[in-house]
Amino acid sequence: MASGESTRGERAPLLTMTGLRIEGQADEEWHEIVHGIDVVLHRGEVLGLIGESGAGKSTIGLAAMGYARPGCRLTGGDIVFDGIELRAASRGRQRLLRGARIAYVAQSAAAAFNPAHRLIDQFSEAPVHHRVKSRSAAEADARDLYGRLRLPEPETIGYRYPHQVSGGQLQRAMVAMAMACRPDLIVFDEPTTALDVTTQIEVLAAIKDVVRQFDTAAIYISHDLAVVAQMADRIMVLRHGNLVEEGTADSIVNRPEQDYTQRLLAVRTFRKPAAEPSAEEPLLRIEGISARYRRSARVLESIDLDIGRQRTVAIVGESGSGKSTLARVVTGLLPPEEGRLVFDGAVLAPALARRPRESLRRVQMIHQMPDTALNPRQRMREVVGRPLTFYSGLRGRKRTERVRELLQMVELEPDAFIDRYPGELSGGQKQRMCIARALAAEPDLIICDEVTSALDQLVAERVLQLLQRLQDDLGVSYMFITHDFATVRAISDEIVVMFQGRIVEQGARNEVLEPPHHAYTDLLLSSVPEMKIGWLDRTLARRGQGPGSDKEGPDRSAPPG
Amino acid sequence: MRDALSLLRKSPWSARFGLFIVFAYVFMAVFGPLLTPYGESEIVGFEYEPWGPEFLLGTDNLGRDMLTRLIYGARNTIGIAFITTVLAFLIGCVAGFLAAVLGGWTEQAISRFNDILMAIPQLIFALLILTIVGTSVPVLVVVIAVLDSTRVYRLARAVAMNIVVMDYVEVARLRGEGLWWIMRSEVLPNALPPLVAEFGLRFCFVFLLLSALSFLGLGIQPPTADWGSMVRDNATLITFGDFTPILPAASIALLTIGVNFIVDWLLHKTSGLKDG
């Protein structure tokens with residue numbers, strides 16, 4: 001796709017945005033969030049937009065359709081799509097373009113599909129509405145596209161409802177929908193962020209394949225540079241609505257010039273030194289735990305697992321592997337069907353309500369989404385102070401002193417933060433507050449449930465470093481639930497790989513990460529995007545499902561190995 | 001205080017109008033006795049005297065000053081309606097939050113009982129009970145509050161259901177917090193915006209129900225002044241082309257509109273809806 005630079009230069013670009021300025025509304029006032037960005041996109045070219053949250057990448061992606069979200073407005077610059085000035089175009093004219101010549105693929109396919117209609121009905125809507133195809137021709141085309149996107153049973157899958165297919169399939173069905181009118185331009189807004197790595201690689205391959213087959217231009221938005229490097233010919237690095245650096249994918253990844261780009265490339269480089277195997281009795285011993293939700297099938301099947309003192313055990317697996325359920329069992333939210341938990345030599349009561357306050361204090365949890373884990377109507381003083389009152393009976397000045405110490409421990413300036421509400425904090429700061437709240441209880445074990453997955457990469461890295469420092473200082477143990485191998489490499493002592501409610505491999509970090517792997521571990525590890533150009537093509541070729549191949553992805557209905 | 005002022009400065013004209021009306025009514029209710037020379041049920045002239053300098057809005061069917069009765073009526077009707085609404089919210093919110101936090105069997109029991117109460121038409125149910133137990137003010141307040149709390153329960157439960165699934169409630173549960181703390185500190189503050197808006201609307205409905213009951217003779221009893229019964233007592237005047245009996249009805253309408261303007265504004269603010 002990176003070929004043809006010279007011929008492209010002679011043709012008029014498909015899309016040019018010059019001096020693009022966009023304002024967003026906050027507290028009934030308008031602030032500029034995109035400060036004069038220039039974008040040029042040629043036919044058949046894939047442009048990657050990368051940056052942290054708040055960089056303005058989604059806003060710019062939508063502006064390419066002449067659209068601004070509610071609460072945003074286009075205030076300056078020209079947007080010219082194939083000779084048409086989009087900002088000046090009437091609403092009717094814009095509507096004719098959207099869906100037909102410019103299409104959009106959203107981050108969450110589950111939220112973007114109407115759950116009350118079948119996939120193929122939603123596919124046919126745009127081509128029939130734009131009078132590109134008849135209904136029957138559109139359905140035939142849908143079946144063809146479903147096949148090209150390597151969806152299972154392409155002839156019939158369209159006649160299912162959104163909830164009847166998996167997340168990765170739904171995302172591919174949305175790509176098919178975007179292709180329905182054979183648009184000149186597709187805007188992909190983080191299309192694989194919500195997916196597991198093993199699913200992500202399939203969706204990426206499918207997207208890359210159809211975009212190449214139909215020579216469609218695309219804007220690919222992501223916060224993950226490794227993913228963008230696989231998809232894009234050219235990359236723009238954005239920050240706070242400004243352009244940091246622009247260049248070919250190769251030059252950005254291999255020869256970054258700006259400091260910020262270099263930092264993005266260097267994320268997750270810190271490593272915890274390998275720990276000595278310890279002989280002492282583990283802090284938590286999970287013995288033969290099996291569990292299920294109400295009348296559903298078993299989600300956990302005889303799990304045996306030890307967590308040592310001052311150790312970090314990473315639990316890895318795809319969604320549905322039961323790793324979060326295991327956390328619920330340990331906290332007592334879901335009493336297990338069989339098995340028992342031995343904490344510090346004593347058996348823990350299965351149900352939360354039967355555990356004494358002291359044992360509740362010693363096991364704390366940090367949630368995935370700091371946004372929903374903090375009560376929006378409580379100041380930090382109260383959030384962090386409540387466990388102090390509740391467990392240790394601290395009140396008044398003593399309590400405030402302790403809250404300030406805790407804030408300092410999580411590297412937040414006490415004077416600036418103690419009276420803030422969660423709404424006045426950034427994502428990383430919120431997660432630090434959650435850590436401070438967990439520390440307030442002075443626990444022995446902290447369960448970290450995907451604590452960095454909602455954070456930008458640079459912020460996530462700093463939070464991981466903080467957690468590591470706290471472990472060194474305080475000697476807590478972590479049960480670290482994640483699907484992200486970069487995190488696992490950085491922080492774990494031991495790794496437990498879970499698949500469909502069972503442990504498929506467990507051991508010290510280096511044992512698990514070094515070959516030979518268990519087949520499933522190998523699949524997981526090889527699906528993690530690497531910061532190398534051409535990684536995707538090479539990986540797919542190695543698995544024998546390269547572009548154009550009709551082969552299905554690996555069969556994952558049964559546990560491998 | 002400064003926040004409130006700046007909020008007021010940004011408010012639309014409709015909300016200001018609503019606030020003005022409500023404050024005027026509250027002022028009348030509080031300072032009623034100082035605003036008028038006559039007593040609440042004092043007979044000061046002949047029946048149905050026309051408007052004039054002595055009796056600004058004339059007299060009613062027994063020769064009592066109409067304006068005085070209107071002012072006292074504000075006092076009684078608004079006061080009773082307010083207490084009733086507060087009581088309804090107390091019952092409805094506690095039951096709703098309990099149902100949402102505890103779930104399971106408790107929720108089923110409360111919800112089905114609530115359904116039974118809601119299945120019977122409110123006005124007829126109120127008439128029935130008041131006929132049986134009599135029509136003193138405390139009984140009136142309790143009966144209407146219980147009947148109205150069914151609607152509050154529905155809303156409080158629905159709002160709280162969305163809150164109890166949040167991680168911060170799970171954090172509180174994991175900490176071992178009791179039921180009362182979860183309801184008061186985790187659920188209530190986050191459920192407040194829609195509940196406050198609903199409070200305004202409920203207040204209007206209670207107030208209308210109260211007036212309707214009074215009009216039917218089962219509400220606030222004479223000689224206590226009340227807008228609903230004032231409409232009924234003076235209704236005959238309408239046939240003579242005198243619109244004085246419309247005035248208490250208009251007072252009811254005006255207050256309802258005022259409260260609704262404020263509620264709309266609050267809802268708009270808390271829901272984060274933007275124009276256009």
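Residues numbered from 1 in each chain as written. Chains lettered and ligands numbered in written order. Predicted model: local features only at pLDDT ≥ 70, side-chain atom pairs only at ≥ 80, totals over all residues.

## A word on the overall build of chain B
Okay, step 1: Across its full length, chain B carries ten helices and zero strands.
Okay, step 2: In chain B, the succession of helices and strands from N to C terminus is α-α-α-α-α-α-α-α-α-α.
Okay, step 3: Along the first, second and third principal axes, the C-alpha set of chain B runs to 70 × 50 × 35 Å.
Okay, step 4: Considering chain B as a whole, with its 276 residues, one finds that 38% of them fall into the buried category. (Helix = DSSP H or I, 4+ residues; strand = E, 2+ residues; numbered from the N terminus. Buried ≥ 20, exposed ≤ 12 C-beta atoms within 10 Å, placed from the backbone.)

## Overview of the overall build of chain A
Okay, step 1: Looking only at helices and strands, chain A features 23 helices and 20 strands.
Okay, step 2: Compactness check: chain A gives a C-alpha radius of gyration of 25 Å against a globular reference of 24 Å for 561 residues, within 12% of the reference.
Okay, step 3: Each of the three principal axes of chain A carries a C-alpha extent, and together these read 70 × 55 × 45 Å.
Okay, step 4: Taken across its 561 residues, chain A has 45% of its residues classed as buried.
Okay, step 5: Counting only contacts in chain A whose residues sit at least 6 apart along the sequence, the fraction spanning at least 24 positions is 69%. (Rg over C-alpha atoms; globule rule 2.2 N^0.38 Å. Contact = placed C-beta atoms within 7 Å.)

## Some thoughts on the nonpolar core
Okay, step 1: Residues I315, M479 and V496 of chain A together with I144 of chain B are the most contacted members of the largest nonpolar core, which totals 141 residues.
Okay, step 2: Ranked by the residues each element gives to this core, the list is headed by helix 3 (residues 66–102) of chain B, at 16 residues.
Okay, step 3: In this structure, I144 of chain B is in contact with T84, A126, V206, L209 and L210 of chain B, ignoring residues within four places of it in sequence.
Okay, step 4: Membership of the second largest hydrophobic core comes to 87 residues, among which are C72, I79, L149 and I252 of chain A. (Core = buried A, V, L, I, M, F, W, Y, C linked by C-beta atoms within 7 Å.)

## Examining the domain arrangement of chain A
All names here are of chain A.
Okay, step 1: Here the domain parsing of chain A yields domain 1 (44–55 + 91–265) and domain 2 (307–526).
Okay, step 2: Opposite the eight residues of domain 1 that make contact, domain 2 presents eight residues.
Okay, step 3: Listing elements by their share of the side of domain 1 that touches domain 2, those giving two or more residues are helix 8 (197–213) and helix 11 (259–265).
Okay, step 4: Looking at side-chain class alone, the side of domain 1 that touches domain 2 contains two nonpolar, three polar and three charged residues. (Domains from an automatic or database assignment. Nonpolar A, V, L, I, M, F, W, Y, C, P; charged D, E, K, R; others polar.)

## Re the environment of V384 of chain A
Residue and element names in this part refer to chain A.
Okay, step 1: Its location among the elements puts V384 in helix 15 (residues 380–392).
Okay, step 2: Taking the number of C-beta atoms within 10 Å as the measure of exposure, V384 has 28 and is therefore buried.
Okay, step 3: Excluding anything up to four places from it in sequence, V384 contacts V403, L406, M433, A436, R437 and A440.

## A few points about helix 3 of chain B
Count 3.6 residues to each turn of an α-helix, and residues three or four apart come out pointing the same way.
Residue and element names in this part refer to chain B.
Okay, step 1: With 37 residues, helix 3 extends 53 Å from end C-alpha to end C-alpha; this agrees with the ideal 54 Å at 1.5 Å per step.
Okay, step 2: Taken across its 37 residues, helix 3 has 26 buried, putting it largely inside the fold.
Okay, step 3: One or two residues past the end of helix 3 sits G103, with phi positive at roughly 65°. (Expected span 1.5 Å × (residues − 1).)

## Some details on the confidence of the model for chain A
Residue and element names in this part refer to chain A.
Okay, step 1: Averaged over chain A, the pLDDT score is 86; the fraction of residues at 70 or greater is 93%.
Okay, step 2: For residues 1–9, every residue scores under 50 in pLDDT, and the model assigns this stretch seven contacts once sequence neighbours within four places are set aside.
Okay, step 3: Predicted confidence is poor over residues 546–561, with pLDDT under 50, and the contacts of this stretch with residues over four places away or in other chains come to 25 contacts. (pLDDT = per-residue confidence, 0-100.)

## Considerations on the sheet that holds strand 8 (residues 217–222) of chain A
All names here are of chain A.
Okay, step 1: Strands sit in the order 6-7-8-3-9-10 across an open sheet of six strands; the sheet is mixed. Sheet topology places strand 6 (102–105) and strand 10 (242–248) at the edges, where each strand pairs with a single neighbour. Averaged over all pairs of adjacent strands, the angle between their axes in this sheet comes to 15°, without regard to strand direction. (Pairing = 2+ DSSP bridges. Axes fitted to C-alpha atoms, helices over the stretch in contact; angles between N-to-C directions.)

## Let's talk about the pairing of strand 17 (residues 445–449) of chain A
All names here are of chain A.
Okay, step 1: Among the five residues that make up strand 17, five are buried, leaving the element largely enclosed by the rest of the structure.
Okay, step 2: Where burial is concerned, the two faces of strand 17 agree: the one with L445, I447 and D449 and the one with I446 and C448 are both buried.
Okay, step 3: Taken together, strand 17, helix 19 (residues 457–474) and strand 18 (residues 477–482) form a β-α-β motif whose crossover is right-handed. (Right-handed = clockwise from strand over helix to strand, strands pointing away.)

## A few points about the packing of helix 5 (residues 122–133) of chain B against helix 6 (residues 137–164) of chain B
Residues and elements named next belong to chain B.
Okay, step 1: At their nearest, the axes of helix 5 and helix 6 sit 10 Å apart, and the two run at 150° to each other. Considering the angle they form, helix 5 stands roughly antiparallel to helix 6. Once helix 5 is placed against helix 6, the crossing between them reads as right-handed. Contact with helix 5, carried on its side by Q122, F125, A126, I129, L130 and V133, involves V139, V143, I144 and L147 of helix 6 and no other residues of that element.
Okay, step 2: Split into classes, the residues belonging to the contact of helix 5 with helix 6 amount to nine nonpolar, one polar and no charged. (Parallel < 35°, antiparallel > 145°, perpendicular 65-115°, else oblique. Left-handed = near helix turned anticlockwise from the far one by under 90°.)

## What to know about helix 4 (residues 104–119) of chain B
Okay, step 1: Taking 1.5 Å as the rise per residue, helix 4 of chain B with 16 residues should run 22 Å; its terminal C-alpha atoms sit 22 Å apart, in good agreement.
Okay, step 2: With one of 16 residues buried, helix 4 of chain B lies mostly on the surface of the structure.

## Here we look at the sheet that holds strand 4 (residues 72–81) of chain A
The pairing of strands in a sheet comes from backbone hydrogen bonds and takes either a parallel or an antiparallel form.
Residue and element names in this part refer to chain A.
Okay, step 1: Spatially, 2-1-4-5 is the arrangement adopted by the four strands of the open sheet, whose pairing is antiparallel. Unpaired on one side and paired on the other, strand 2 (29–41) and strand 5 (84–85) mark the two borders of the sheet.
Okay, step 2: In this sheet, strand 5 lies alongside strand 4 in antiparallel orientation, the contact comprising two bridges. Opposite F81, over in strand 5, you have I84 as the bridge partner.

## Brief notes about the interface of chain A and chain B
Okay, step 1: Each partner contributes to the interface: chain A provides 17 residues, whereas chain B provides twelve residues.
Okay, step 2: Of all the elements in the fold, those that place two or more residues in the side of chain A that touches chain B are helix 13 (357–362), helix 14 (370–373) and helix 15 of chain A.
Okay, step 3: For the side of chain A that touches chain B, the class distribution of residues is ten nonpolar, five polar and two charged.

## Quick word on unusual backbone geometry
All names here are of chain A.
Okay, step 1: Positioned with a positive phi, R150 is a non-glycine residue whose angle comes to about 60°.
Okay, step 2: Looking at the element boundaries, R150 is found in the loop between helix 6 (135–148) and helix 7 (167–179).
Okay, step 3: Looking at R150, the number of C-beta atoms within 10 Å reads 21, which means it is buried.
Okay, step 4: With a phi angle near 45°, Q500 is a residue other than glycine that sits in the positive phi range.
Okay, step 5: Secondary-structure assignment places Q500 in the loop between strand 19 (494–499) and strand 20 (502–508).
Okay, step 6: By C-beta crowding, Q500 is classed as buried, having 20 other C-beta atoms within 10 Å.

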